[in-house]
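# Architecture and fold: a report
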Amino acid sequence: MMAKSANKSSKSQYVCQACGAYSSRWAGKCGSCGEWNTLVEELTGAPPPGSGLSTGSRGRVVNLEGLKGETADTPRIQTGIVELDRVTGGGFVPGSALLIGGEPGIGKSTLLLQVAAAIAERGGRALYFSGEEAVAQVRLRAERLGLADSPVELAAETNLANILATLSEGARADLVIIDSIQTLWAEALEAAPGTVSQVRAATQSLIRYAKHAGCALILVGHVTKEGSIAGPKVIEHMVDTVLYFEGERGHAFRILRTVKNRFGPTNEIGVFEMATKGLREVQNPSELFLGDRESGAPGAAVFAGMEGSRPLLVEIQALVAPSPLGNPRRAVLGWDSNRLSMLLAVLDARCGVSLAQCDVYLNVAGGLKINEPAADLAAAAALLSSFSGVPLPADRVYFGEISLSGAVRAASHMPVRLKEAEKLGFSSCVIPAQGEVEKTPTTLEIERIGHLKQLAETFSPCQ
Ligand code: TYD
Ligand code: MG
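Residue indices follow the written sequence of each chain, beginning from 1 at its first position. Just so you know, chain letters begin at A and ligand numbers begin at 1, following the order they were written in. Only residues with pLDDT of at least 70 get local features here, since the model is predicted, and only at 80 or more are side-chain atom pairs given and counted; chain-wide, interface and lining totals rely on the full set of residues. No hydrogens and no water enter the side-chain calculation; it runs on all heavy atoms of the structure.

What follows deals with the domain arrangement of the protein chain. In this entry, domain limits derive from an automatic or database-based domain assignment. Assigned domains within the protein chain: domain 1 (10–44), domain 2 (82–283) and domain 3 (288–456). Between the C-alpha centres of domain 2 and domain 3 there is a distance of 37 Å. Residues are treated as being in contact if the distance between any of their heavy atoms lies within 4.5 Å. Across the boundary between the two partners, domain 2 contributes 14 residues, which contact twelve residues of domain 3. When two components associate, each loses some accessible surface as probed by a 1.4 Å sphere; the sum of these losses over both components is called the buried area. Interface area, domain 2 with domain 3, both sides summed: about 1,000 Å², of which 52% is carbon and sulfur.

As structure tokens, then:
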């Protein structure tokens, strides 16, 4: 048994591995997030060296300043990987910390090795600390990616103190990559690597170093479903930028999404394709998601969507079939199932189209996930088309949010959506009656509707 108060500054706390909340007593359920069995005892020792948490020193008076003043433009370290540079808001910012979260196997290490090589080849100093793979494994990957000759400096290390010591040696690094933050451990803490206290302490020390030295720090964080390892959520508030790398298993494309960015816009996406030689940029994602469209089949509508500042056309597919079941099936992939229920209710109550006796399947092509409410109109068009058996014109796009009254509401960025549709060879569109469409000459034939009824009426069999 451990001697009572062997170390005065070491005290025991229970930390929820899901949300990071502290508690002084153990409980089966976290009082903060409600998850079960996530509280783990962690001994928090003396604060790690350099964390600036020592107590007892007297503060000094700091200058208070106004909001207005001289500020230079944020300098940026560009990688030349266009999809990534856009997502970060123009490149990495020296002295900032960026977190890339994602499920294991999604391609984080691959992306970051490509990033390190890109920076190194542009004359920057790029350091890659791998805590998960041996040097030989990373080298093998570099060879596969055709990057073996780039001057990236590589180490397999998990000890925080060793990493900080290495960083303070030699020339200042421009880019430091830690793959992953969950493998690091600070000796001063008795908690196991991957626990909330370790992850927080390591992140804090590394961020302090990065701010002080002016290098861009990239942390990899695995998103795990089990509570055994602290997820990236617990450090999201500490870093400047949070990106998530997502993709569907079985699909080659990967999406890098900005969740938080102190130096640029959020909701931007970068699209990549996982190929045999690593991640390839997809500069025109609409082509990827529209893919090989079979024309002539009912139930497919093209949605002119927006992801951040960028237009993205995707096909929404619906299948409506009479159901033998008393309780017909509803299945949705890539869209919100509550939204589908709402849409079905609006079709029923406001347009007199009842699908209550039908199984309804809705799918977003390519495995993409759509969060935009403006997809309502395209989904409604796909449903109506499948229900009536009347195919939609293959060269038409749809967008518009549908309210519970059946009114079609204006969407953001209408001109940008139309421009993208025009660029990709579409010739007509059905869009909300409200909302500015700039006077730029467009060859698109525009149909503007104010109520979902107007769309439903064009499908005669369902009247
Ligand atoms: P990895 O970068 O190791 O994922 P993470 O760091 O997020 O865990 O990538 C893992 C997957 O990517 C792996 O299943 C193999 C695949 N892959 C390719 O398809 N092509 C490639 O060139 C590379 C390097 C990996
Ligand atoms: Mg990895």
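Right, picking up where we left off after that structure.
A separate point is the nonpolar core. Soluble, globular proteins show a tendency: their nonpolar side chains are buried together. If you look at the biggest cluster of nonpolar residues, it comprises 63 residues, and the most contacted ones within it are L383 and L455. Strands here are runs of E lasting at least two residues and helices are runs of H or I lasting at least four, both read from the DSSP assignment and numbered beginning at the N terminus. Here this core takes eight residues from helix 8 (residues 376–388), the largest share from any one element. Once you skip the residues sitting within four places of it in the chain, L455 turns out to touch L377, A380, A381, L384, Y398 and I449. One finds V87, F92, L113 and A126 within the second-largest nonpolar core, a separate group that totals 33 residues. Residue types Ala, Val, Leu, Ile, Met, Phe, Trp, Tyr and Cys, when buried and joined through side-chain atoms within 4.5 Å, form a set referred to as a nonpolar core. Each residue is placed in one exposure class: buried if its accessible area under a 1.4 Å probe, protein chains only, is under 20% of its type's maximum, exposed if it is over 50%, and partly exposed if it falls in between.

Tracing the sequence through the fold places Q182 in the loop between strand 7 (175–179) and helix 5 (196–213). C-alpha separation for the pair Q182 and E422, spaced 240 residues apart in sequence, amounts to 46 Å.

Right, let's get into the sheet that holds strand 6 (residues 153–156). Two pairing modes exist for strands in a sheet, parallel and antiparallel, and in both the strands are linked by backbone hydrogen bonds. Paired strands, as defined in this entry, are two strands with at least two bridges between them according to DSSP. Ordered in space as 6-5-7-8-4-9-10-11-12, the nine strands form an open sheet in which the pairing is mixed. In the strand order of this sheet, the two ends are held by strand 6 and strand 12 (278–281), each with one partner. Geometrically, the sheet is characterised by an average inter-axis angle of 25° between neighbouring strands, direction not taken into account. In this sheet, strand 7 lies alongside strand 5 (residues 126–130) in parallel orientation, the contact comprising five bridges. Directly across from F129, in strand 7, lies its bridge partner I178. Convention adopted: a line fitted to C-alpha atoms gives each axis, helices being fitted over their contacting stretch, and angles between N-to-C directions are expressed from 0 to 180 degrees. Each of strand 4 (97–102), strand 5, strand 7, strand 8 (216–222), strand 9 (241–246), strand 10 (253–261), strand 11 (269–275) and strand 12 is contacted by helix 2 (residues 108–121), which is oriented at about 155° to strand 5, the strand it contacts most. The strands that helix 3 (residues 135–145) touches are strand 5, strand 6 and strand 12; relative to strand 6, the one it contacts most, it runs at about 140°.

Here we take up helix 7 (residues 337–351). Every helix has an expected span of 1.5 Å times one less than the residues it contains. An ideal rise of 1.5 Å per residue puts 21 Å on 15 residues; helix 7 measures up with 20 Å between its terminal C-alpha atoms. By the burial criterion, the buried members of helix 7 are L340, M342, L343, L344, V346, L347 and C351. For helix 7, the elements touching its buried residues are strand 15 (330–333), strand 16 (358–364), helix 8, strand 18 (401–402) and helix 10 (452–456). Between N or O atoms, a polar contact is any pair within 3.5 Å; within protein, one atom must be a potential hydrogen donor and the other a potential acceptor, and residues adjacent in sequence are included only when both atoms are from side chains. Its side-chain oxygen 3.0 Å from the backbone nitrogen of N338, D336 forms the N-cap of helix 7. Of the residues flanking the end of helix 7, it is G352, one or two places downstream, whose phi is positive at about 70°.

Further remarks concern the packing of helix 7 against helix 8. Orientation of helix 7 relative to helix 8, taken along the N-to-C sense of each, is 65°, at an axis distance of 11 Å. Viewed along their axes, helix 7 and helix 8 form a crossing whose handedness is right-handed. Between helix 7, through R339, L340, M342, L343, L344 and L347, and helix 8, the contact on the second element is made entirely by D376, A379, A380, L383 and L384. Among the residues making up the contact of helix 7 with helix 8, the classes are represented as nine nonpolar, no polar and two charged. Two helices cross in a left-handed way if the nearer one is turned anticlockwise from the farther one by less than a right angle. They cross in a right-handed way if the turn is clockwise. Polar here means any residue outside two lists: the nonpolar Ala, Val, Leu, Ile, Met, Phe, Trp, Tyr, Cys and Pro, and the charged Asp, Glu, Lys and Arg; Gly therefore counts as polar.

This brings us to the site of ligand 1. A molecule or strand has a residue near it when one of that residue's heavy atoms lies within 4 Å. Around ligand 1, 16 residues are found, and the nearest of them are G105, K108, S109, T110 and G278. Note that an oxygen atom of ligand 1 is positioned 3.0 Å from one of the backbone N or O atoms of G107. One of the side-chain N or O atoms of T110 is found 2.5 Å from an oxygen atom in ligand 1. Here the Shrake-Rupley method, with its probe set to 1.4 Å, supplies the accessible areas, and only the displayed protein chains count as covering residues. Contact with the protein chains covers 75% of the free accessible surface of ligand 1, which is 560 Å². Elements represented by at least two residues in the shell around ligand 1 include exactly helix 2, helix 3 and strand 11. For the shell around ligand 1, the per-class residue count stands at five nonpolar, six polar and five charged.

In this section: the pairing of strand 7. The buried fraction of strand 7 is high, at five of five residues. On strand 7, burial covers both faces: L175, I177 and D179 on one face and V176 and I178 on the other are all buried. Relative to strand 8, strand 7 runs parallel, the two being bridged by four bridges. If you follow I177 over to strand 8, its bridge partner there is I218.

To continue, consider the side chain of S96. Within the secondary structure, S96 sits in the loop between helix 1 (82–87) and strand 4. For S96, a relative accessible area of 6% gives the class buried. Not counting the four nearest positions on each side in its chain, S96 is found in contact with C215, A216, L217, D240 and F263.

Turning to the pattern of salt bridges, a few remarks are in order. Take a side-chain nitrogen of Lys or Arg and a carboxyl oxygen of Asp or Glu: if they are within 4 Å of each other, that pair is a salt bridge. Throughout the structure, instances matching the rule amount to 16 salt bridges. Across the pair R310 and E83 runs a salt bridge, and its minimum N-O distance is 3.0 Å. Of this pair, R310 sits in strand 14 (residues 310–322) while E83 sits in helix 1, and the two are 227 residues apart along the sequence. We note that R310, like E83, is buried. The partner of R125 in a salt bridge is E153, and the shortest N-O contact between them spans 2.9 Å. Of this pair, R125 sits in the loop between helix 2 and strand 5 while E153 sits in strand 6, placing them 28 residues apart in sequence.

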